[in-house]
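# Reading the structure
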Amino acid sequence: MKKYFSSLVLISIFAMLLMSMNSKTAKDNLLSQADLMTNSLISKDFKVFLKYNSPVIIELMGGEEAAVDMLSKQMAQINILSIDLSDPSEIITFNEELQATMTQDVVVEMPQGKIKNRSTLIGISSDNGENWIFIDAQGQPLEQLKTYFPNLSPDLELLPRSQPEIIYDEPAEKIDE
């Protein structure tokens, strides 16, 4: 009996360690792939950018080729200066998918000036955190997003729609002579 109990404890410890490693790997993959996606958008590498987008979004844009063309035209007048991501929320499992959210701050330079927009980026993995796709919630309520993405967990916390912030350049400091 003692041997059986010791084996059970050992198996339990091993299972907990394995789950912890998988969770860390999933989070690491989430962060690195979100970074790859945002950097590809900044550099206007739309083919790479679309690899990290939901197939639903790509299909709504008319397929990959049409999506690349549309993004190229839309982004011609916009220069993305930075995309900053917060640490992800706790990764949750829902309908056999891993899901998490991150706050993203996007600063763009347009002919009118610099604008900062904050929204929620939703990460979804259907292969236990190895690969992630992302959805920019753009301030839409969860119920509205579920129209196109019915597998989204009701536990996801999304930022409400907010007004973009205009960024004014600071005047250069005067140097006393």
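Structure first, text after, so check above.
Residues numbered from 1 in each chain as written. Predicted model: local features only at pLDDT ≥ 70, side-chain atom pairs only at ≥ 80, totals over all residues. Heavy atoms only, no water.

Glancing now at the nonpolar core. Grouped together as the largest cluster of nonpolar side chains are 25 residues, with contacts concentrated most on Leu-41, Leu-50, Ile-80 and Phe-134. For this core, the elements supplying multiple residues, two or more each, are helix H1 (2–42), helix H2 (46–51), helix H4 (64–75), strand S1 (79–85) and strand S3 (97–110). Those residues in contact with Phe-134 that lie beyond four places of it in its chain are Leu-30, Gln-33, Ala-34, Met-37, Tyr-52, Asn-53, Ser-54, Met-102, Leu-121, Ile-122 and Gly-123. Counting residues in hydrophobic clusters, the runner-up holds 10 residues, among them Ala-137, Leu-145, Phe-149 and Leu-156. (Core = buried A, V, L, I, M, F, W, Y, C linked by side-chain atoms within 4.5 Å. Buried < 20%, exposed > 50% of the residue type's maximum accessible area, 1.4 Å probe, protein only. Helix = DSSP H or I, 4+ residues; strand = E, 2+ residues; numbered from the N terminus. Contact = heavy atoms within 4.5 Å.)

What follows concerns the side chain of Gln-104. Note that Gln-104 resides in strand S3. Polar side-chain contacts of Gln-104 include one of 3.0 Å to the side chain of Asp-136. Apart from residues no more than four positions distant in its own chain, Gln-104 is found in contact with Ile-83, Asp-84, Leu-85, Asn-117, Arg-118, Ser-119, Leu-121 and Asp-136. (Polar contact = N/O pair within 3.5 Å; in protein donor to acceptor, adjacent residues only side chain to side chain.)

For the rest of this paragraph, the subject is H4. Look at H4: 16 Å from first C-alpha to last across 12 residues, which is about the 16 Å you get at 1.5 Å a residue. Looking at H4, one finds that the buried residues are Ala-67, Val-68, Leu-71 and Met-75. Along the axis of H4, the buried positions cluster into a sector of 100 degrees, meaning they face one direction only. Away from the buried face of H4 by more than 90 degrees, exposed residues Glu-65 and Lys-73 are located. (Expected span 1.5 Å × (residues − 1). Arc of directions from axis to C-beta.)

Once that is clear, we can look at a nonpolar patch on the surface. Judged by side-chain polarity, Val-56, Leu-60 and Tyr-148 come together as a nonpolar surface patch covering roughly 290 Å² of accessible area. Here Val-56 shows up in helix H3 (residues 55–60). The exposure class of Val-56 is partly exposed, given its relative accessible area of 31%. (Patch = residues over 30% accessible without salt bridge, like charges linked within 9 Å, V, L, I, M, F, W, Y side chains within 5 Å. Areas by Shrake-Rupley, 256 points an atom, 1.4 Å probe, with all protein chains shown as cover. Salt bridge = Lys/Arg side-chain N within 4 Å of Asp/Glu carboxyl O.)

Attention shifts here to unusual backbone geometry. Phi is positive for Asn-128, which is not a glycine, with a value near 60 degrees. Take Asn-128: it is sitting in the loop between strand S4 (113–125) and strand S5 (133–136). A relative accessible area of 53% means that Asn-128 is categorised as exposed. Positive phi, close to 50 degrees, is recorded for Gln-138, a residue that is not glycine. Along the chain, the position of Gln-138 falls in the loop between S5 and helix H5 (142–145).

Considering all chains together, one arrives at two salt bridges under this definition. Among the salt bridges present, the one from Lys-73 reaches Asp-69, with a minimum N-O distance of 3.2 Å. Taken together, the residues Lys-73 and Asp-69, both in helix H4 and four residues apart, mark about one turn of the helix. For Asp-105, the salt bridge goes to Arg-118, with nearest N and O atoms at 2.7 Å. Of the two residues, Asp-105 is situated in strand S3 and Arg-118 in strand S4; the sequence distance between them amounts to 13 residues. On the basis of relative accessibility, which here comes to 42%, the residue Arg-118 falls in the partly exposed class.

For S3 and S4, the ladder comprises 13 bridges, and the chain directions are antiparallel. Residue pairing for S4: Val-107 is matched across the bridge by Lys-116. In this structure, S4 lies alongside strand S6 (residues 165–167), joined through three bridges in antiparallel fashion. In the strand pairing of S6, Ile-115 is matched with Ile-166. The pairing of S4 with S5 spans four bridges and is classified as antiparallel. Its bridge partner lying in S5, Ile-122 is registered against Ile-135. (Pairing = 2+ DSSP bridges.)

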